[in-house]
Amino acid sequence: MRELGGMTMEVDVAIVGGGMGGLALAVGLQERGIKAHVFEKSPKERKHFGTGISIGQNGIQALEGIKPGLSQKMESEGQRTRQFTARIRVQGEPEKVFTQLPQLTESEVMFTVAWKGALETLADELDPSVVHYRHSFVDYKLVEEGVESRFEVRIEQDSDACTVETNVVKAKLLVGADGVWSGVRKLVVGDEPRDLCLVTWLSVVRTERIRSLNLNDDDEIRFIVYPATKTGVITCSCGPEYTHWQYRVPDESRELMKSFTSDFNAHGKEARKMRILKQLEGVEELQNLKTAVERSESHLVREDRNFD
Ligand SMILES: Cc1cc2nc3c(=O)[nH]c(=O)nc-3n(C[C@H](O)[C@H](O)[C@H](O)COP(=O)(O)OP(=O)(O)OC[C@H]3O[C@@H](n4cnc5c(N)ncnc54)[C@H](O)[C@@H]3O)c2cc1C
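Residues numbered from 1 in each chain as written. Predicted model: local features only at pLDDT ≥ 70, side-chain atom pairs only at ≥ 80, totals over all residues. Heavy atoms only, no water.

1. Observations regarding the sheet that holds strand β5 (residues 79-80)
With antiparallel pairing, the three strands of this open sheet are ordered in space as β4-β8-β5. Every interior strand has two partners, whereas the edge strands, β4 (52-55) and β5, have only one. (Pairing = 2+ DSSP bridges. Helix = DSSP H or I, 4+ residues; strand = E, 2+ residues; numbered from the N terminus.)

Written out as structure tokens, the structure reads:
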């Protein structure tokens, strides 16, 4: 790794993080004539994040507030949701269906879209020159009339070598939209996210590969709760191509968490899939999910320790 100098740029608003929050903010500001620049540590090519996002009335209102017509654009990538069902399964008892869940009325709109599609819809609204990929926020200092931030920029040369530059960005306002492990928040507030002692495995899988398993109807978000093990399964369709599955287990002792990393791009992709399959081994009522996991591409299977 070689370290090089770097460049200095001056912008009105610097947003750290090109996730849903950072991109949505940048689009909203752009609509109001304020040029915000987004600095995202990941490369430009977006992978599937193993999940989808369900957007209801509040989300639609927010998207329309950001830019009129944005919610329809996003919905065109996704699937209209018309039913939530929650089922509770106790071994040896018939499945109970919760009827108390609020159901969508005819006039209420909700849709579910793959995370990748939602991010791409937002990014497409921005002038590409304002989104800077491979920029990892390091720190900031207050300067006259603003704030000066430093970003490490990794430039891969080949599989073994890369150079790292440090770019300095001066802005009137710095916004931390860099997720639950926010480096900006750490410097400003100094606290740590709260460990929920939960582990979630999740993925999106091509619907054609799992349709025969009847995990959910196309317009349904289905939760299944297993009180004996305090585990839960969520499945839903997130557009014409993909279905999302999610399996959540408690991990009070943190034994499960010890073995894996929260970095989605890190090594051990196959290992993530092996770990969830091990969890599902021999659990009679989860064999359909197990088949869906087996049919999911390893590089799309994600495992997360859950923090808030
Ligand atoms: C297991 C799991 C499942 C979830 N499922 C759902 C779901 O189904 N639906 C739903 O609505 N929500 C879901 N959530 C919650 C959802 O992920 C968050 O609410 C949402 O991602 C927050 O958006 P954000 O833009 O604030 O942060 P993020 O989506 O985390 O985006 C932060 C961005 O900042 C970048 N970044 C981080 N550090 C730096 C740095 N130093 N420099 C530059 N860039 C940086 C990251 O690469 C990322 O692109 C789930 C969360 C988890 C953990």
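Now that the structure has been shown, we can carry on.
2. Re the site of the ligand
Around the ligand lies a shell of 24 residues, among which Gly21, Glu40, Thr51, Gly52 and Phe137 are the nearest. Note that an oxygen atom of the ligand is positioned 2.7 Å from one of the backbone N or O atoms of Gly21. Interatomic distance of 2.8 Å between a backbone N/O atom of Phe137 and a nitrogen atom of the ligand. Burial of the ligand by the protein chains amounts to 65% of its free accessible area of 1000 Å². Every element with two or more residues in the shell around the ligand is listed here: α1 (20-31), β4, β10 (135-143), β13 (195-206) and β17 (302-307). Of the residues forming the shell around the ligand, the biggest block, three residues, is contributed by β10. Looking at the shell around the ligand residue by residue, the classes come out as eight nonpolar, twelve polar and four charged. Of the residues that make up the shell around the ligand, three or more belong to each of domain 1 (2-44 + 133-188) and domain 2 (70-114 + 194-307). (Near = heavy atom within 4 Å. Polar contact = N/O pair within 3.5 Å; in protein donor to acceptor, adjacent residues only side chain to side chain. Areas by Shrake-Rupley, 256 points an atom, 1.4 Å probe, with all protein chains shown as cover. Nonpolar A, V, L, I, M, F, W, Y, C, P; charged D, E, K, R; others polar. Domains from an automatic or database assignment.)

3. Brief notes about the layout of surface pockets
Reported here for the second largest pocket is a volume of approximately 240 Å³. Lining the second largest pocket are 13 residues, with Gln91, Tyr226, Thr229, Val283 and Glu285 positioned closest to its centre. Its residues assigned to classes, the lining of the second largest pocket comprises six nonpolar, four polar and three charged. (1 Å grid on protein atoms, 1.4 Å probe; cavity = no way out; pocket = protein on both sides within 12 Å on 5 of 7 lines; lining within 4 Å. Points joined across faces, edges and corners; volume = space filled by probe spheres on them.)

4. Re the side chain of His244
Structurally, His244 can be placed in strand β16 (residues 242-250). A distance of 3.1 Å separates polar atoms of two side chains, one belonging to His244 and the other to Gln246. When near neighbours in sequence (up to four residues on either side) are disregarded, His244 contacts Gly50, Thr51, Gly52, Leu202, Ser203, Val204, Ile234, Thr235, Cys236 and Cys238. (Contact = heavy atoms within 4.5 Å.)

5. Digging into helix α2 (residues 57-66)
Helical geometry note: an α-helix holds 3.6 residues per turn, so side chains three or four residues apart project in the same direction. Taken together, the buried positions of α2 are occupied by Ile60, Leu63 and Ile66. Summarising the axial view, the buried residues of α2 lie within an arc of 120 degrees, below the 170-degree limit, and thus occupy one face. Exposed and oriented more than 90 degrees from the buried face of α2 are Asn58 and Gln61. Where the residues of α2 are buried, they touch α1, β4, α3 (70-75), β8 (111-114) and α4 (115-124). (Buried < 20%, exposed > 50% of the residue type's maximum accessible area, 1.4 Å probe, protein only. Arc of directions from axis to C-beta.)

6. Details of the pattern of salt bridges
Here the structure, examined in full by the defined rule, presents 21 salt bridges. Salt-bridge contacts for Lys172 lead to Asp12; the nearest nitrogen and oxygen are separated by 3.0 Å. Of this pair, Lys172 sits in strand β12 (residues 162-176) while Asp12 sits in strand β2 (residues 8-16), and the two are 160 residues apart along the sequence. Residue class for Lys172 comes out exposed when judged on its relative accessible area of 61%. Since its relative accessible area comes to 33%, Asp12 is described here as partly exposed. (Salt bridge = Lys/Arg side-chain N within 4 Å of Asp/Glu carboxyl O.)

7. As for the packing of helix α8 (residues 269-280) against helix α9 (residues 287-294)
The contact between α8 and α9 brings their axes to 10 Å, and the two run at 165 degrees. In terms of orientation, α8 lies roughly antiparallel with respect to α9. Relative to α9, α8 is oriented so that their crossing is left-handed. Residues Lys273, Ile276, Leu277 and Leu280 of α8 form the contact with α9, whose own contacting residues are Gln287, Leu289, Lys290, Val293 and Glu294. (Axes fitted to C-alpha atoms, helices over the stretch in contact; angles between N-to-C directions. Parallel < 35°, antiparallel > 145°, perpendicular 65-115°, else oblique. Left-handed = near helix turned anticlockwise from the far one by under 90°.)

8. A word on the pairing of β12
Taken together, the eight bridges between β2 and β12 define a ladder with parallel strand orientation. Across the sheet, the residue bridging to Glu10 is Lys170, located in β12. In terms of strand pairing, strand β11 (residues 146-156) meets β12 through ten bridges, oriented antiparallel. When the bridges of β12 are listed, Ser149 appears paired with Val169.

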